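Each chain, letter by letter, is given below.
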Amino acid sequence: MSQRRFDDFNRHASDYRDVHTKNIRISGADSFYFAEFKVKEIMRFEENRKSYCLDLGCGDGTTEVFIDKHFPAVTVEAVDVSQASILEAEKKKLKRASFTVYDGETIPFEDNCFDMVLIASVMHHIAFNLHESVIKETLRVLKPGGRIYIFEHNPLNPFTRYLVKTCAFDRDARLLSHGYCKRLLTGAGYREVNTHFLLFFPRMKWIAPLLRREQSLGWLPLGAQYLCRAIK
Ligand SMILES: C[S@@+](CC[C@H](N)C(=O)[O-])C[C@H]1O[C@@H](n2cnc3c(N)ncnc32)[C@H](O)[C@@H]1O
């Protein structure tokens, strides 16, 4: 049997959002809400500067829909190993996003060309022995001063672990601790590596007043997800 390199999302390219939404129903929000949430998180750091962005592991291109909505000055190159997902993304006909299938290891762009790299919920679908080379590749394509944003599920949160365990496309996923992710970035040569914990509360309407407090909890390693941000 050949060793796992990446998880196969071709089977879920067209029903990814439905499967995900059903899986996370208990959170009080759907898959689109969380895709938009991540884009808004990046905005807190990037504001709206003009930039050229790589989305590594873009899936069906939903993130690009929200980048289009919130970041009118950003152009995106989005890549994925799943051909079916890229076909799904292309159907969205976004003007400022291009979608490309690649081999999952060599990013098909030249050195020092991007202002930012986004990797959302992807690393836990890549074999651990490939992590280092994937991160080094992101460093190669970023301009000096360019920013990387990695969103990952937090294995310290029991609720997250439950959702991953019960999700059809997460069967082979292996979660990365925030410490591991930080070491990966530092080891590759990134600087100013920071972690922010996110999504502490469910999204039901009655809980809305608590959501305002979430940003002040970013230091607490109990959020359902975390964001590792670093600079080249
Ligand atoms: C859970 S989905 C996340 C999709 C999207 N980033 C989002 O947040 O909606 C994981 C994606 O990672 C892709 N993937 C797995 N290994 C990859 C690799 N080495 N390079 C790029 N994408 C990869 C899968 O094909 C899949 O589309």
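Residues numbered from 1 in each chain as written. Predicted model: local features only at pLDDT ≥ 70, side-chain atom pairs only at ≥ 80, totals over all residues. Heavy atoms only, no water.

Asker: Please clarify how the sheet that holds strand β7 (residues 225-231) should be interpreted in this entry.
Answerer: Strands belonging to one sheet form pairs held by backbone hydrogen bonds; the direction of such a pair is parallel or antiparallel. The mixed open sheet is built from seven strands, whose spatial order is β3-β2-β1-β4-β5-β7-β6. Strands at the two margins of the open sheet, each flanked by one partner only, are β3 (97-101) and β6 (191-198). Sheet twist, expressed as the mean angle between neighbouring strand axes with direction ignored, is 15 degrees. Direction of pairing for strand β1 (residues 51-56) relative to strand β2 (residues 74-80): parallel, over a ladder of six bridges. Residue pairing for β2: L54 is matched across the bridge by E77. Its contacts with the sheet put helix α2 (residues 31-46) on β4 (114-120), β5 (142-153), β6 and β7, and the angle it makes with β5 is roughly 145 degrees. Strand contacts of helix α4 (residues 83-90): β2 and β3, with the helix running at about 160 degrees to β3, the strand carrying the most contacts. (Pairing = 2+ DSSP bridges. Helix = DSSP H or I, 4+ residues; strand = E, 2+ residues; numbered from the N terminus. Axes fitted to C-alpha atoms, helices over the stretch in contact; angles between N-to-C directions. Contact = heavy atoms within 4.5 Å.)

Asker: Could you clarify how one ought to interpret the side chain of H125 in this entry?
Answerer: Here H125 shows up in the loop between β4 and α5 (128-141). Classification of H125 by relative accessible area gives buried; the value is 7%. Of the polar contacts made by the side chain of H125, one reaches the side chain of H124; its length is 3.2 Å. When residues no more than four places from it in sequence are discounted, the contact partners of H125 are R4, R5, F6, D7, F9, F169, D170 and A173. (Buried < 20%, exposed > 50% of the residue type's maximum accessible area, 1.4 Å probe, protein only. Polar contact = N/O pair within 3.5 Å; in protein donor to acceptor, adjacent residues only side chain to side chain.)

Asker: In this structure, what is going on with a nonpolar patch on the surface? I would like to understand it.
Answerer: Together, I26, F159 and Y162 give the surface a local cluster of nonpolar side chains, amounting to about 310 Å² of exposed area. Mapped onto the elements, F159 comes out in helix α6 (residues 158-165). Look at F159 and you get partly exposed, because its relative accessible area is 35%. (Patch = residues over 30% accessible without salt bridge, like charges linked within 9 Å, V, L, I, M, F, W, Y side chains within 5 Å. Areas by Shrake-Rupley, 256 points an atom, 1.4 Å probe, with all protein chains shown as cover. Salt bridge = Lys/Arg side-chain N within 4 Å of Asp/Glu carboxyl O.)

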